[in-house]
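# Fold and geometry: a report
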Amino acid sequence: MSDQPHDPTSAPASPSVSFLGDDGLENPSRRYSTVAIVGAGSVGSTLAYTALVRGAARRVVLYDVNAPKVKAEAADIGHGIEFIPQATIEGSDDIEICRDADIVVFTAGAKQDPGQSRMELASKTVGLVKKVLPTLVEIAPHAIQIMVTNPVDVVTYAAQKLTGLPPSQVFGSGTVLDSSRLRFQISRECGVAVQNVHAYILGEHGDSEVPMWSSASIAGVPLLEWLGADGEPVFTDELRRRIGHDVVHAAYSIIEGKGATNYAVGLSVTRIIEAVLRNEHRVLPISTQVAGELAGVGDVCLSMPTVVDRAGAGARLAIPMSAQELNLLRSSAEHIRQAARQLGF
């Protein structure tokens, strides 16, 4: 989940462009929640659009050092403000536009090329985070910082170390999207609406991620007990392997076909934003720092089912898992840990 790398100090800022909802000029006495999105590439711009269309955010600001690009994206979205819930959208190459935001979503980063793993992006992306994030924390000290750029688990760990903010305030989008992909594939196989499928991908948002088959269910029925028309289990070992492979490689396939993933990313991160701003106490598999909740897994950021509300990332849930799934989760944690150590974290 990453956009092109940008250096916020490389160009002078120019005036922002602002588009207001049908309530007219903003009233300074009325304080609406602000979502600041860093990076106006395919992910950041799609996220801004999605958050506004879903009514997740009343005020969205886009920041990118590419002034023509960020202003054009804000204008394009703003011209459709009439057709969505009341909102405002602003775009600027001045990082001050993010001041006092309630949520800052970091989407800027190195572009993932076809065939390139997310971990191979780590060095460039972490370098950008080092440069930009301290300023964001200074101008929006109380904001919930959501890291989206890849490799998101390593970037999240680095962000926590660089800022010193509590893990509740700095977390990654994790495997919210991966879990949605898994549920989509399961729903296609069983012919039940995806909203009735409950299943998680945990661990890394990447090649070592782990489908939690043993705790998955369909409308309350354990997935492993779901029977087909012939009375036989549908989700055989072979089918589960195929689904797992397809989920892991979904992004690679999309990037090969169209150059980037953006729509489902925008929807999944919007879901996280909604959970925070609406104080939903919703359980989502976001990436947070694990500190020994699972035997053999600690001092690393990875995805676990986590309660998300206005305070950010809350309690993590230790869902049932098989011995094999736990071992795979430990391996995933070690994979992330090694990448972080190689970058000096």
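Residues numbered from 1 in each chain as written. Predicted model: local features only at pLDDT ≥ 70, side-chain atom pairs only at ≥ 80, totals over all residues. Heavy atoms only, no water.

Within the protein one finds 9 helices and 17 strands. Sorting the 345 residues of the protein into buried and exposed places 56% on the buried side. Long-range pairs, those at least 24 residues apart, make up 74% of the contacts in the protein between residues at least 6 apart in sequence. A total of about 14300 Å² of accessible surface is found on the protein, and carbon and sulfur atoms cover 53% of it. (Helix = DSSP H or I, 4+ residues; strand = E, 2+ residues; numbered from the N terminus. Buried < 20%, exposed > 50% of the residue type's maximum accessible area, 1.4 Å probe, protein only. Contact = heavy atoms within 4.5 Å. Areas by Shrake-Rupley, 256 points an atom, 1.4 Å probe, with all protein chains shown as cover.)

The subject of this paragraph is the sheet that holds strand β11 (residues 217–218). The strand order across the open sheet formed by 3 strands is β8-β11-β12, and the pairing between neighbours is antiparallel. Since the sheet does not close on itself, it has two edges, and those belong to β8 (197–198) and β12 (221–222), each with one partner. Sheet topology places β8 next to β11; 2 bridges connect them, and they run antiparallel. Paired with V197 across the strands is I218, a residue of β11. (Pairing = 2+ DSSP bridges.)

Attention shifts here to the sheet that holds strand β17 (residues 312–316). The antiparallel open sheet is built from 3 strands, whose spatial order is β13-β16-β17. The open sheet has two free edges, formed respectively by β13 (282–284) and β17, since each of these has just one partner strand. Each adjacent strand pair in this sheet contributes to an overall mean axis angle of 40°, direction not counted. When strand β16 (residues 306–309) meets β17, the two strands line up antiparallel, connected through 3 bridges. Among the inter-strand pairings, V308 is bridged to a residue of β17, identified as A313. (Axes fitted to C-alpha atoms, helices over the stretch in contact; angles between N-to-C directions.)

So, on to the nonpolar core. Counting 47 residues, the largest nonpolar core has V104, F106, L136 and L302 as its most contacted members. The set of elements that each furnish at least two residues to this core consists of β2 (34–38), β3 (59–63), β5 (103–106), α3 (122–139), α4 (152–163), β15 (297–303) and α9 (323–342). Excluding residues that lie within four positions of it along the chain, L136 makes contacts with V38, I95, C98, V104, F106 and Q145. Core analysis: the second largest hydrophobic core is formed by 38 residues, I89, I144, I272 and V276 among them. (Core = buried A, V, L, I, M, F, W, Y, C linked by side-chain atoms within 4.5 Å.)

Attention now goes to the packing of aromatic side chains. This model, assessed by the stated rule, comprises 0 aromatic pairs. A cation sits over an aromatic face here: R58 above Y32, 3.9 Å from the ring centre. One residue, R183, lies across the ring of Y200, its end atom 5.2 Å from the ring centre. (Phe/Tyr/Trp six-rings, centres within 6.5 Å; stacked < 30°, edge-to-face > 60°. Lys NZ or Arg CZ within 6 Å of the ring centre and 35° of its normal.)

Okay, unusual backbone geometry next. Cis geometry marks the peptide bond from N150 to P151; its omega dihedral reads -5°. Following the sequence through the fold, P151 ends up in the loop between β6 (144–147) and α4. A positive phi angle, near 50°, is found at A219, a position not held by glycine. By the element assignment, A219 lies in the loop between β11 and β12. With relative accessibility at 55%, the residue A219 sits in the exposed group. In this structure, H281 is a non-glycine residue whose phi angle is positive, near 55°. As for its placement among the helices and strands, H281 is situated in the loop between α8 (263–277) and β13.

Right, let's get into the layout of surface pockets. If you add up the space inside the largest pocket, you get close to 600 Å³. V176, S179, S180, R183 and R271 are, among the 23 residues lining the largest pocket, the residues nearest its centre. Every element with two or more residues in the lining of the largest pocket is listed here: α5 (176–190), β8, α8 and β13. Per-element accounting of the lining of the largest pocket gives the leading share, 7 residues, to α5. Residues that form the lining of the largest pocket fall into these classes: 11 nonpolar, 6 polar and 6 charged. At the level of elements, β10 (210–211), α6 (237–248) and α9 are the ones that each hand at least two residues to the lining of the second largest pocket. The leading source of residues in the lining of the second largest pocket is α6, at 6 residues. (1 Å grid on protein atoms, 1.4 Å probe; cavity = no way out; pocket = protein on both sides within 12 Å on 5 of 7 lines; lining within 4 Å. Points joined across faces, edges and corners; volume = space filled by probe spheres on them. Nonpolar A, V, L, I, M, F, W, Y, C, P; charged D, E, K, R; others polar.)

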